[in-house]
Amino acid sequence: GFFGGPRGRAVTVATASSSRVPQGRQPHPLRRGTKVKTFSSSSSSSTESNKGFGLLEWAGDLVPQPLVVKTTKFAWKEAWKTMTRELAPQDGLGAYTRPNDAFVLGEDEFRDSTKVPTSGLFLYTGNACPWCHRVSFAVKLLGLDSRVRCVQLEDDAERATRGGWIIAGRDKKRDPCFLASDLREVYERSSPGGYVGRCTAPVLVDGNAKRILSNNSTNILRCLNHLAAGASREDWGAVNLWPAQLEDEIEEMNGYLYSNLNNAVYQAGFSTTQDAHDAAASKVFDCLDRLEAVLGEREFLMGDKITASDLLLLPTLCRFDAAYAVLFKCSRRRVTDYPQLTSWMQRMFELEGSHETFDLEAAKQSYYKQLFPLNPSGIVPYGPTLSDLGVDNGLDRKVVRRGSPEFLSRVHLAP
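Residues numbered from 1 in each chain as written. Predicted model: local features only at pLDDT ≥ 70, side-chain atom pairs only at ≥ 80, totals over all residues. Heavy atoms only, no water.

## Quick word on the pattern of salt bridges
Within the structure shown, the criterion is met by 18 salt bridges. Between Glu188 and Arg184 there is a salt bridge, with the nearest N and O atoms lying 3.7 Å from each other. Here Glu188 and its partner Arg184 are both found in helix H5 (residues 183-189), four residues apart, which amounts to about one turn of the helix. Residue class for Glu188 comes out partly exposed when judged on its relative accessible area of 25%. Residue Arg184 is classed as partly exposed on the basis of its relative accessible area of 21%. Its salt-bridge partner being Glu406, residue Arg410 comes within 2.7 Å of it at the nearest N-O pair. (Salt bridge = Lys/Arg side-chain N within 4 Å of Asp/Glu carboxyl O. Helix = DSSP H or I, 4+ residues; strand = E, 2+ residues; numbered from the N terminus. Buried < 20%, exposed > 50% of the residue type's maximum accessible area, 1.4 Å probe, protein only.)

## A word on the packing of aromatic side chains
Applying the stated criterion to the full structure yields 16 aromatic pairs. An angle of 80° between the planes, with centres 5.4 Å apart, marks the rings of Tyr96 and Phe270 as edge-to-face. Residue Tyr96 is found in the loop between helix H2 (65-87) and helix H3 (107-110), and its partner Phe270 is found in helix H8 (residues 264-270); the two are separated by 174 residues along the sequence. Judged by its relative accessible area of 7%, Tyr96 is buried. If you follow Arg347 out to its NZ or CZ, it ends over the ring of Phe300, 5.8 Å from the centre. (Phe/Tyr/Trp six-rings, centres within 6.5 Å; stacked < 30°, edge-to-face > 60°. Lys NZ or Arg CZ within 6 Å of the ring centre and 35° of its normal.)

## Side note on the layout of surface pockets
Its volume calculated, the largest pocket comes out at about 1,400 Å³. In this structure, the largest pocket is lined by 47 residues; those nearest its centre are Leu87, Arg98, Trp165, Arg198 and Thr200. For the lining of the largest pocket, the secondary structure elements donating two or more residues are H2, helix H4 (130-141), helix H6 (217-231), helix H7 (247-262), H8 and helix H12 (360-370). In terms of residue count, H12 provides more of the lining of the largest pocket than any other element does, four residues in total. For the lining of the largest pocket, the per-class residue count stands at 24 nonpolar, 13 polar and ten charged. (1 Å grid on protein atoms, 1.4 Å probe; cavity = no way out; pocket = protein on both sides within 12 Å on 5 of 7 lines; lining within 4 Å. Points joined across faces, edges and corners; volume = space filled by probe spheres on them. Nonpolar A, V, L, I, M, F, W, Y, C, P; charged D, E, K, R; others polar.)

## Focus on the environment of Thr385
Here Thr385 lies in the loop between H12 and helix H13 (405-410). Taking the relative accessible area as the measure of exposure, Thr385 reaches 40% and is therefore partly exposed.

## Some thoughts on the side chain of Ser366
Relative to the helices and strands, Ser366 is located in helix H12. Once you skip the residues sitting within four places of it in the chain, Ser366 turns out to touch Ala128, Asp155 and Leu371. (Contact = heavy atoms within 4.5 Å.)

## Points about the pairing of strand E7 (residues 211-214)
In regular strands, side chains alternate between the two faces of the sheet. Inspection of the sheet shows strand E6 (residues 203-206) paired to E7 by three bridges, in the antiparallel sense. Bridge assignment links Val205 to a residue of E7, and that residue is Ile212. If you look at the hairpin formed by E6 and E7, you'll find four residues sitting between the two strands, and Lys210 has a positive phi there, around 55°. (Pairing = 2+ DSSP bridges.)

## Structural notes on the pairing of strand E4 (residues 148-155)
Bridge count between strand E3 (residues 121-126) and E4: six bridges; the pairing is parallel. Bridging from a neighbouring strand, Leu123 pairs with Cys150 of E4. Between the parallel elements E3 and E4, the chain passes through H4 in a crossover that is right-handed. Pairing of E4 with strand E5 (residues 165-167) involves three bridges; the strand directions are antiparallel. Bridge assignment links Leu153 to a residue of E5, and that residue is Ile167. (Right-handed = clockwise from strand over helix to strand, strands pointing away.)

As structure tokens, this is what we get:
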């Protein structure tokens, strides 16, 4: 057999006895002082295997196997399509079409303190969601912790009353604004006439007026950037993610990222036809190839300093190998196959607040267990970890602190 023993017989595997083996040394398998575990290399078992209905064992003339297989495949696929469309609306070609966001602030409203107050703001975010990740990281990067209170969400469709988001642990005390149990209650209580629609995150709320300001992540990021420039200055100034001299280029890049990567991975994953999947996946890898070339010439997407575009890219890249490459079937290449993208991701995770706003293992649990139409077994893949992705995750990792000379060399400052 594989371990050197005859097929069908017990094979011994030795494990060290901690009381007899010095640390760092491995004992000989037959040396005294070792404990021995046994397992059977035979496929037989003392208990009968669960064979389901066993249809494929007695299929024949009476119950033709082709009929059994075709009927089962048809029923399974129709059930999957129905659940996927509920989760992710489709167009006539089987491609995912993301619904429009219900709450979006206008550009003039960002600068109006009567529309967007400088305090009493609440931001509802969940760890698994890349759209939430970009704004929760921005709160840290922009130094807005004292002005924007983040309320943690968990995605659990079995406990939510609409959509998938609940207040962490369904603990109302964790939502000081509305004392809500889930995100539907936040939407309902901030909408006097009631709310009909999807309850998505992130959500930025004016806690003083008890109203939703925005549930569009890029729009929220814009709002936070204006808030930092006007109301959260340190003695060295304030971070600016949209410097005026690069604004047009940033907007062009942001649109490109959304269409070809951020949203395209979801289009690939939620497609219900092969053509729709292939079209979306090809956009994804064309985009990754282009970004690899761009980052071969500069430290960050827009040059030697971080902009909003970098914050829009990071959440998708750090989830890619663990979720999108497998669950969404974008498996042509991994991010770790791109050396420049990997180095860029390392630089981004050196920034203070990056690790505090993202838990990869928890995100994996969410993707593989909550998106059940895509993974009905609920089995979560073994790996990868952040370390596997090339990101230093140790306690002694490099941290670029806000306000430090290296931090200031990596960011644009507001005028």
